2 protein chains.
Amino acid sequence: MKAEIITIGDEILIGQIIDTNSAWIANELNLIGIDVVRKTSVSDNKDEIIKAIDYAKSTSDIILLTGGLGPTNDDYTKETLAEYYKVELIENAEVLKHISQLITKNVGVLNQRNIDQAKVPANCIVIHNSVGTAPGMWFNDRNKIIISMPGVPFEVKEMMTTTILPKLKNLNTDSVIIHKIILTQGIPESRLAEVLESWENNLPREIKLAYLPSPGLIKLRLSARGNNKAYLQDLIDEQVTKIQQVIPDTICGYDSELLEEIVGNLLLKTGKTLSIAESCTGGYISQLITSIPGSSAYFKGSIVAYSNEIKENILNVSKSNIDIYGAVSKQVVEEMVTGIRRIYNTDYSIATSGISGPAGGSIEKPVGTTWIAIADKNGVISMKYTFGDHRGRNIARASLTALNMLQKRINGIKIDF
Amino acid sequence: MKAEIITIGDEILIGQIIDTNSAWIANELNLIGIDVVRKTSVSDNKDEIIKAIDYAKSTSDIILLTGGLGPTNDDYTKETLAEYYKVELIENAEVLKHISQLITKNVGVLNQRNIDQAKVPANCIVIHNSVGTAPGMWFNDRNKIIISMPGVPFEVKEMMTTTILPKLKNLNTDSVIIHKIILTQGIPESRLAEVLESWENNLPREIKLAYLPSPGLIKLRLSARGNNKAYLQDLIDEQVTKIQQVIPDTICGYDSELLEEIVGNLLLKTGKTLSIAESCTGGYISQLITSIPGSSAYFKGSIVAYSNEIKENILNVSKSNIDIYGAVSKQVVEEMVTGIRRIYNTDYSIATSGISGPAGGSIEKPVGTTWIAIADKNGVISMKYTFGDHRGRNIARASLTALNMLQKRINGIKIDF
């Protein structure tokens, strides 16, 4: 079955809020084998809403509306739907009782706007909204289904999970879709596509491949579609095994894992600790590591040594090395990584020193030049990278590259890029 | 002028990624007086893309496409546009030169996929993409404009800012829209709305107010629309003067300023230096400070003291204070802030110690409890905050609150929340 999501509300069109609802809804529908073929955002305007519904009905079986159900004067969805179906708005006793309970609990006095929220188009099936005052509405429109929900994300999640998804799942028993995500680090998209060309060309026709790039990391998504779940799972597993043989050292994780999570789990599992000496990344690696709950179990902390004075006085980098080779050099980054590991007394350490830009570049060391080092009890390994011109992106790429180097070091994979 | 944004890509329709591009684009178009009347997301499919363009042309003057320009086989936008206009894809020498420079710098070898990225429909005007390999394309289609961009957010921002927005602004001279953004910190949205109620109710009808909340910071956007720029500017200035009298200590900046930029400029102007001791914020404040180009002029660095061992051994926090009061306490955060200022020898210092969650809370100190301290030559000030339950938001709120405390300290404003 095919679905369209229509979000209603000016706040999305003026860029005031980022629409997170429809990504969540789309993902949930996918998991029960329903394809979202289109998403549309329109303003709180009757004509626009009706045009969008009519268009959606021409391509989709299920149309999910979010937004425009609030008690204020700028919300029109319910009135529009009543007009669309040429029916009256009638007060629903169950809904009124629920609203009255919610309001008296939270605010005290029921006003006319609250009472009006209990009115629904005469032809709809009410979807209970246990966490809010605006009811959801389900319309059986010949062979189409139209569902209207409020725009508040946690109300959407509640109504979808308890009522709408189970109902839709019962209606959609004919198709299955399975996804598998493979995380890769260290090879740019065009090069990766080249390396994977023959594998990609030989994918079974049930499987679709997508590249999802982000700074420092590329995700590959395999999607298998059909009607036999076990068969599709086998197909996916087979292709995962194959790609592991093509790019064994480039794969750094699977599914929704983050690189900082993968590294964290490795440290946790092996009972090892980590410290970081950051120059060009300025605290970015530390905040990635500490964004993971429970990271205090393996992360002792770091020294952000943004000035040479701190590199010398706190990390014990020799002044002569900075004078001779510069702060962005193999010598200095290796002294940094050794220094932090000794001072913080950890099993592993990371150090970065580079030119993030926009200023500070030279012909010999252009903006983007970055040294990254990893240390453990067996010694130090350091690599030089040349990233791009963009400060924010250089910092993100250096940080993810450093985490991937550490991941390889822990896993005993050779670090050669 | 009216615009529609069409995002192209399966990853949005399956809910793999949240579309942040179109909110950003919509906001930027609004700033130059262009209304986004509709947003549509379609899959990487020729028919769907063409149907969406045709529909958009029936209501909008400008159609902005994002996505589907990658070098891999799942991207079709460029081919679709060539087919739509019945023109050939031809190699653009300038684009090829740019791609070749980018690739040889980062990877080394130019492959066929890279070369193919330099091909564009014969009838388009190329939009330079200084930060990526996929060129943007501008089509003059009778009285409509169709613009195609890659889907990568920082590439969209770069191309929009340097080329597309200035060009569109020149074309849209009949209506004027002026925005003024006021940054506030320290008061939650519902409380702020209450404090500002009478001011808001007395806004002239030309001015619209929007609340743009983000973790730790609320932006108020005043938008004045009309055809007399000088008159609108006067109206806005008058309201800014008024709101400054209502919430003088809550306003921390204006327009597109970031709090880390405001603090950086203050330090630069006064020739002062900064160091940070981070516990619960785990490097987040440091990465905010170092995200600003030129921050090495005032930022010496920090110590992320995630474990108590580091607090004691490196920051010289007394073990007895940690034992008696706990790491999340006035005593410890004040020792941290004094320690880092002395060790790093800076004019100002910041320290944080809190419980970000989800674990680590207690009845006495629930998740979200955070101590923040500022030190300078006149002494130390520390404040206790109770943020929420969400780890990521707690870290962001603590970081922005710390930067705002520093800003107030430098400006001689009393820190009382």
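Residues numbered from 1 in each chain as written. Chains lettered and ligands numbered in written order. Predicted model: local features only at pLDDT ≥ 70, side-chain atom pairs only at ≥ 80, totals over all residues. Heavy atoms only, no water.

**A closer look at helix α3 (residues 46–57) of chain A**
Residue and element names in this part refer to chain A. Heads up, the condition is: Only DSSP runs of H or I with at least four residues qualify as helices, and only runs of E with at least two residues qualify as strands; both kinds are numbered from the N terminus onward. Multiplying 1.5 Å by the residue count of a helix minus one yields the expected span of that helix. Relative accessibility under 20% of the residue-type maximum defines a buried residue, over 50% an exposed one, and the middle range a partly exposed one, all with a 1.4 Å probe and only protein chains included. An arc is given here, and it is the one of the directions from the helix axis to the C-beta atoms. Distance and chemistry together define a polar contact, namely a pair of N or O atoms within 3.5 Å, with one atom able to donate a hydrogen and the other to accept it when in protein, and with adjacent residues in sequence counting only for side-chain atoms on both sides.
Over its 12 residues, α3 extends 17 Å from the first C-alpha to the last, a length consistent with the 16 Å expected when each residue adds 1.5 Å. Among all positions of α3, only Glu48, Ile49, Ala52, Ile53, Tyr55 and Ala56 are buried. Take α3 and look down its axis: the buried residues cluster within an arc of 165°, on one side only. You can read the cap of α3 off the contacts: a side-chain oxygen lies 3.0 Å from the backbone nitrogen of Asp47, and it is on Asn45.

**Overview of the pattern of salt bridges**
Note the following rule: A pairing counts as a salt bridge when a side-chain nitrogen of Lys or Arg comes within 4 Å of a carboxyl oxygen of Asp or Glu.
All told, the structure shown has 26 salt bridges over all chains when counted by the stated rule. One salt bridge connects Asp35 of chain A with Arg225 of chain A, and the closest N-O pair in it is separated by 2.4 Å. One end of the pair, Asp35 of chain A, is in strand β2 (residues 35–42); the other, Arg225 of chain A, is in strand β11 (residues 217–226), with 190 residues separating them in the sequence. Assessed through its relative accessible area of 35%, Arg225 of chain A is described here as partly exposed. Residue Asp255 of chain B pairs with Lys180 of chain B through a salt bridge whose shortest N-O separation is 3.1 Å. Highlighted residues: Asp255 of chain B in the loop between β12 (251–254) and α11 (259–270) and Lys180 of chain B in strand β9 (residues 176–184), separated in sequence by 75 residues.

**A few points about the side chain of Lys365 of chain A**
Residues and elements named next belong to chain A. As a reminder of what qualifies: Throughout, a contact is declared for two residues whenever any of their heavy atoms are within 4.5 Å.
Residue position: Lys365 is located in the loop between β15 (348–354) and β16 (369–376). A polar side-chain atom of Lys365 sits 2.8 Å from the main-chain carbonyl oxygen of Tyr325. A distance of 2.7 Å separates a polar atom in the side chain of Lys365 from the backbone oxygen of Val328. Apart from residues no more than four positions distant in its own chain, Lys365 is found in contact with Tyr325, Gly326, Val328, Ser329, Ile355 and Gly360.

**Topic: the confidence of the model for chain A**
The test is simple: Summary of the metric used: pLDDT quantifies the predictor's per-residue confidence within the range 0 to 100.
On average, residues of chain A carry a pLDDT of 92, and 98% of them reach 70 or more. Reported confidence for the predicted complex is 0.78 by ipTM and 0.78 by pTM.

**Considerations on the environment of Lys414 of chain B**
Relative to the elements of secondary structure, Lys414 of chain B occurs in the segment after α16 (391–411). Along the primary structure Lys414 of chain B and Arg342 of chain B are separated by 72 residues, whereas in three dimensions their C-alpha atoms are 24 Å apart.

**Details of the side chain of Gln407 of chain B**
Residues and elements named next belong to chain B. The topology assignment puts Gln407 in helix α16. For Gln407, a relative accessible area of 4% translates into the label buried. For Gln407, the side chain forms a polar contact with the side chain of Asn404, separated by 2.5 Å. Apart from the residues lying within four places of it in its own chain, the contact partners of Gln407 are Cys252, Ile262, Val263, Leu266 and Ile413.

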